[in-house]
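As a plain string of letters, each chain reads:
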Amino acid sequence: MKSLLQQQLNTIIAELQYPAVDINFETPKVAAHGDLTTNAAMVLAKSVGKNPRQVAQSIVERISIDESFLSAVEIAGPGFINFRFSPRYVVEQSKRILQESTAFGKSDAAKGRKTNLEWVSANPTGLLHAGHGRQVLIGQVIGNLLEWTGHDVTREYYFNNAGNQMRTLAESIYARYRQELGDDYPSPEEGYKGEYITDIAKEIIAEKGDSLRETDAERTYFRKYGETWCFAKIKETLARLNVKHDVFYNEDSLYSSGKIAEVIEEFKKRDLAYDSEGAVWFRATKFGADKDRVIVKSTGEPTYRLPDIAYHREKFRRGFDLIVDIFGADHIATIPDVLNGVNALGYNTDDVKVIIHQMVSFVNGDEVVKMSKRNAKTYTLDDLIDEVGVDAVAYFFVMRSVGTHLEFDIALAKEQSDKNPVYYLQYAHARIASILRHAATAEIDANNAANLLSTTDFSLIKEKEELDLLKKLLEFPDMVKSCAFSFEPHRLTTYLREVAETFHRFYHEHRVINEDKALMQARLTVCAMTKTVIANGCTILSVSCPEKM
RNA sequence: GGUCCCGUAGCUCAACUGGAUAGAGCAACAGCCUUCUAAGCUGUGGGUUGCAAGUUCGAUUCUUGCCGGGAUCACCA
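Residues numbered from 1 in each chain as written. Chains lettered and ligands numbered in written order. Predicted model: local features only at pLDDT ≥ 70, side-chain atom pairs only at ≥ 80, totals over all residues. Heavy atoms only, no water.

**Student:** I tried to follow helix 10 (residues 259–269) on my own but got confused; where do I start?
**Tutor:** Each α-helix winds once per 3.6 residues, and so residues spaced three or four apart point in a common direction. Among the residues of helix 10, Ile260, Val263, Ile264, Glu266 and Phe267 are the ones counted as buried. What you see down the axis of helix 10 is that its buried residues fit within an arc of 165 degrees, all on one side. Exposed and oriented more than 90 degrees from the buried face of helix 10 are Glu265 and Lys269. Where helix 10 is buried, its residues meet helix 9 (252–256), strand 8 (273–276), strand 9 (279–282), strand 10 (293–296), helix 11 (305–317) and helix 12 (334–344). Phi turns positive, to about 55 degrees, at Asp271, one or two residues after helix 10. (Buried < 20%, exposed > 50% of the residue type's maximum accessible area, 1.4 Å probe, protein only. Helix = DSSP H or I, 4+ residues; strand = E, 2+ residues; numbered from the N terminus. Arc of directions from axis to C-beta. Contact = heavy atoms within 4.5 Å.)

See the structure below:
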């Protein structure tokens, strides 16, 4: 529709000898303003030297109204040109929903674009805490959105099982192991103190008894055990949320394959790195930073920056066209260095999309939930899922724009009532499912899309609420694209809420099950279409759609 | 102090990326169930979009400066 009108307008503009401009079509916020609107006249007004309404008038006069598409074209406000779709067009278009069914909303807008999506990437030194949930779900939904728009997505988890943090983990477990054996042995000053350390220590005792009292200085056994244990737990938690990564990329492989050394060498060759005070420094100041950064410590160990740069370079080398990273706001300082580094190596960082989400705070009604890392009683993501359920977790974490702080109300998420937004959506789906079950008793198989397509009298769909609903449903494919390309999953939750709302209104105004069988089937068709869109939307959101509630 | 993010109804947040009368949910108030799920629907009240300038046909959106909140500024990741 949009492209048809666009074409026609361009022709008209040329005929009128107006300059060619970028014209914009939008769906107006207010339904009274029609189904589609363009600002063409206002954009043209200045260069043409007439007032916008005159320009609009000259354009509208030349638009031909084809009843199979348009029912009206109007000029409104400061010079908007508003188009109204004909009911016939809307109903005709809606058949797509039945035809495409579970694929309705998918597109090949970015067909074959090789995309690397990296997220979570928590090191295996502990459990995912509740705050991690935001990143987990944002990444999950963005991954789905990218797939729905044709991207070829590799879901990746980057981890480091070497270095300081792992040493600390090993030391923490070892200390707890000794303590559990009754020895007076101190925990490391900055060690991990969570309950899980005790769990791990106890498991080791159960398996090995006290045979590991005297162990090597590297605490190799404890380190390996801790890593395996933590990773298993992390993956378990992710699995509960249907999150599955295709690649677990080990930072260590960058060392063993010499990629790290390679980067240092190239930096030095380009005078982007230099030796000083026994360390190697990256000239971050060349890129506007306040001071240079150490990339190799005087101990010979690289800081995180260097492997991160090498890692991103490898992503390019692996042939990805689009690289998406999701980080929490606490990582914000590291991003410029990495991008500058990769850029310096000759890669186009326009193809790197870094999504930074703000932090999460948890409240339980009026009470603020503390969850400090040092605290022994960490509030884990598992705890949160246990408390409020998978669907509420999935929905709540993406329902706000990534740029704002998220306040997660546990009491609200837990509440099984109308206060809880996730139920509103699921309720609409369950309600439709219930209606379709009734239809079965009237011998109409409303779950059979092909059957509905061939036997429904679509001309019976003509009520305002029905047409409003169909129009809303038809926005879905554009909505998916728009959410995907702007990396804004929260807009999908807003949209689906509107779909549910529009459906409830239709349901309230018009009875579906009734004596007029043809009419009943027409309305069942509208229901089936709505169910498809809600289900597809929920699939993207990783939220389940119950048939009954 | 530098950098980044945020400031919208009593509360939590939207606003299709510069559009028309700034919208939802919760909370408050008033209605709607002998019929398909009332976990629903309809209506009322609630706003100087932190403040002040600027850019233009038009600003919650872009620019600048203040004010307030958060994140971050390691030879930790």
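So, next bit.
**Student:** It is not clear to me how a negative patch on the surface should be interpreted in this structure. Could you clarify?
**Tutor:** A cluster of like negative charges, contributed by Glu195, Asp199, Glu203, Glu207 and Asp383, occupies part of the molecular surface. When residues of the negative patch are assigned to their parent elements, the largest contribution, 4 residues, is made by helix 7 (residues 195–208). When you line up the elements, Glu195 lands in helix 7. (Patch = residues over 30% accessible without salt bridge, like charges linked within 9 Å, V, L, I, M, F, W, Y side chains within 5 Å. Areas by Shrake-Rupley, 256 points an atom, 1.4 Å probe, with all protein chains shown as cover. Salt bridge = Lys/Arg side-chain N within 4 Å of Asp/Glu carboxyl O. Lys, Arg positive; Asp, Glu negative; His and termini not counted. Charge placed at Lys NZ, Arg CZ, Asp CG, Glu CD.)

**Student:** Is there a simple way to think about the environment of Val390 in this case?
**Tutor:** Here Val390 is to be found in helix 14 (residues 390–398). Considering only alpha carbons, one finds Val390 and Val543, 153 residues apart in sequence, at a separation of 7.7 Å. Each residue touching Val390, except ones within four places of it in the same chain, is listed here: Arg240, Leu241 and Ile385.

**Student:** I keep staring at the side chain of Asn116 and nothing clicks. Help me out?
**Tutor:** Structurally, Asn116 is set in strand 5 (residues 114–118). In this structure, Asn116 is in contact with Thr154, Glu156, Lys315, Arg318, Phe320, Leu322, Ile323 and Val324, ignoring residues within four places of it in sequence.

**Student:** What's the story with the sheet that holds strand 3 (residues 70–76) in this structure? I'm lost.
**Tutor:** Through backbone hydrogen bonds, the strands of a sheet pair up, either in parallel or in antiparallel fashion. If you walk across this open sheet you meet the 4 strands as 1-2-4-3, and the pairing is antiparallel. Sheet topology places strand 1 (25–26) and strand 3 at the edges, where each strand pairs with a single neighbour. For strand 3 and strand 4 (residues 80–85), the ladder comprises 6 bridges, and the chain directions are antiparallel. By the bridge assignment for strand 4, Glu74 is matched with Asn82. (Pairing = 2+ DSSP bridges.)

**Student:** Even after reading the chapter, I still don't get unusual backbone geometry, so can you show me in this structure?
**Tutor:** Across the chain, the bulk of peptide bonds are trans and the bulk of non-glycine residues have phi less than zero. Here the phi dihedral of Gln17 falls at roughly 60 degrees; this positive angle occurs in a residue that is not glycine. When you line up the elements, Gln17 lands in the loop between helix 1 (2–15) and strand 1. According to the relative accessible area criterion, Gln17 is exposed, its value standing at 70%. Residues other than glycine seldom take positive phi values, yet Ser101 does so here, at roughly 50 degrees. Relative to the elements of secondary structure, Ser101 occurs in the loop between helix 4 (87–100) and strand 5. Judged by relative accessible area, which is 28%, Ser101 ranks as partly exposed.

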